[in-house]
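So you can see what is in the structure, the chains are spelled out below.
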Amino acid sequence: MGQIVEVTWDSLAKRGEELCGDWVRVNMTPDALTVVLSDGLGSGVKANILATLTAEIASSMLERGSSIDEVIETLAVPLPECQKRHLAYATFAVLQVVHGRDAYLVEYDSPPLILIHDGEVAELPFTEREVAGRTIREAHFALENGDYMVMVSDGYIHAGVGGLYRMGWGWQNIATSVRRWAARRGDAHQLTHTLSRTCLKLYDGTPGDDATAIGMWVREMRRATILTGPPSDTRLDDEAVHKLMAAQGTRAICGGTTAQVVARVLGAELKVQWQPPSKRSGHSHRSKIPPVAQLEGVDLVTEGILTLSAAVERLQQADTVHDLPSEQDAGTQLARVLLKSDQIHFIVGDAINPQQIADVVRGKPMRQIYLEELIGELEKRNKQVTVEHL
């Protein structure tokens, strides 16, 4: 099913500052991933502007096909070295990964990337060269399923200075901590959260420097296919069902009539555990969502519009799957499927339910309105979303 790099990050601002002087830019396409971490000199607003400018210029140029040499030559003009301290106004690290496997890393005055491979800290094949008067480190390496990577700013290296670690947490100690954590086989979010929590603890709750960690986990890509709404023409029913059942990964149906169509075409029994709203647990909006049904070969079967609306609400309140409530209502289950998936394909039937004509908003059916909101939330999270109408 292909390989992907799951990415999350977290930044801690220096005590007394509202803005963090580090900046992260992540860009994902179906074929490639680009991660840029920049650390602006100093802290606060000035550092934030310097880091943001560096990361955005680098990321935008690389996305347009510029070479790293062209990027550095461009950055050397607006971001010269500090003449007094002979430090770069903003350091940066850029990681590019193609097809989840082929990695290229370039670092300028930033802590080295940590790679955990086969349970050990891997030594990267760095080479150094000079570009526009700047010395950069580069490495090309291959990634395998199960690898972990971490990029950190200097704030992590210096965490705990004068306390638990006399000279700070240090790169080697951080790498050892990541290696030990990797044995748990957690995801990127859990890795980043653990690092951030430890860093904050070493600073005794008040960071002495801006500190950013980017956690990455190489894993198999997850796909989901969602069929919602019957096709506009009943002659397309077989095609819609075939597309759903031939799809790899998680399969879901949103819509009672849609589920009946699939059950009829497959000749399978649709098992509905119906409960009237008055007898469902709780008295919240979630208790009004119709329960899920069961259909052999399909992982999740739900009602349509109410469930789509609830899923949008869940996504608006949760950044990752870990932020979702523990409830098992249909809306939360659908949101969980979507947040766990990397590639999501919607098969949208365009038949109009006569009972819902009055619910058309701005010339569009409510189903389409909620789908557009749902897709917008997913794309904010770098999910790869495709849609086809029948």
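Relevant structure appears above.
Residues numbered from 1 in each chain as written. Predicted model: local features only at pLDDT ≥ 70, side-chain atom pairs only at ≥ 80, totals over all residues. Heavy atoms only, no water.

### Concerning the layout of surface pockets
The criterion, for reference: Residues are said to line a cavity or pocket when one of their atoms sits within 4 Å of a point; the points come from a 1 Å grid over protein atoms alone, cavities being sets where a 1.4 Å probe fits but cannot get out and pockets being open sets with protein on both sides within 12 Å along at least five of seven lines. Grid points are joined across faces, edges and corners, and a volume is the space filled by probe spheres set on the points. Helix and strand assignments follow DSSP, with helices taken as H or I runs no shorter than four residues and strands as E runs no shorter than two, numbered in order from the N terminus. For this classification, Asp, Glu, Lys and Arg are treated as charged, while Ala, Val, Leu, Ile, Met, Phe, Trp, Tyr, Cys and Pro are nonpolar and the rest, including Gly, are polar.
Quantified by volume, the largest pocket comes out at close to 820 Å³. In terms of lining residues, the largest pocket is bounded by 31 residues, among which V7, T8, D319, T320 and R381 are the most central. If you tally residues by element for the lining of the largest pocket, the top one is strand β1 (residues 3-12), at seven residues. Split into classes, the residues belonging to the lining of the largest pocket amount to nine nonpolar, ten polar and twelve charged.

### Brief notes about the pattern of salt bridges
Here is the rule: When a carboxyl oxygen of Asp or Glu lies within 4 Å of a side-chain nitrogen of Lys or Arg, that pair is called a salt bridge. Using a 1.4 Å probe on the protein chains alone, a residue whose accessible area is under 20% of its type maximum counts as buried, one over 50% counts as exposed, and one in between counts as partly exposed.
Taken as a whole and assessed by the stated rule, the structure comprises 15 salt bridges. The shortest N-O distance in the salt bridge between R219 and D342 comes to 2.7 Å. Placement of the pair is R219 in strand β13 (residues 211-220) and D342 in the loop between α9 (330-340) and β19 (343-348), with a sequence separation of 123 residues. Residue R219 shares its accessibility class with D342, and that shared class is buried. A salt bridge links K243 to E239; the shortest N-O distance between them is 4.0 Å. A residue pair is termed a helical-turn pair when its members lie 3 or 4 positions apart in one helix, as K243 and E239 do in helix α6 (residues 237-246) at four residues. Residue classification places E239 among the partly exposed positions, given a relative accessible area of 36%. One continuous salt-bridge network, built from bridges that share partners, spans E6, R219 and D342.

### A short note on empty space enclosed by the protein
Rolled over the atoms, a probe as big as a water molecule pinpoints where empty space is left. Tallied over the entire structure, the rule returns two cavities of 30 Å³ or more. Its boundaries defined by the atoms lining it, the largest cavity holds a volume of some 80 Å³. Grouping the amino acids of the lining of the largest cavity by side-chain chemistry returns six nonpolar, four polar and four charged.

### Brief notes about the sheet that holds strand β10 (residues 127-131)
Spelled out, the test is: Two strands form a pair only when DSSP identifies at least two bridges running between them. For helices, the fitted line uses only the C-alpha atoms of the stretch in contact; every axis is such a line through C-alpha atoms, and the angle between N-to-C directions lies from 0 to 180 degrees. In this description, contact between two residues means that some pair of their heavy atoms is separated by no more than 4.5 Å.
Spatial strand order, β2-β3-β6-β7-β11-β10: six strands in an open sheet with antiparallel pairing. Taken across any chain shown, the strands that pair with only one partner, and hence form the sheet edges, are β2 (22-28) and β10. With strand direction ignored, the average angle separating the axes of adjacent strands in the sheet is 15 degrees. Summarising the sheet, β10 and strand β11 (residues 134-142) pair through five bridges and their orientation is antiparallel. Bridge pairing in β11 places T127 opposite E138. Together, β2, β3 (32-40) and β6 (90-98) form the strand contacts of helix α1 (residues 44-63), whose direction differs from that of β2 by roughly 20 degrees. Relative to the sheet, helix α2 (residues 68-75) contacts β6, β7 (102-108), β10 and β11, its axis offset from that of β10 by approximately 50 degrees.

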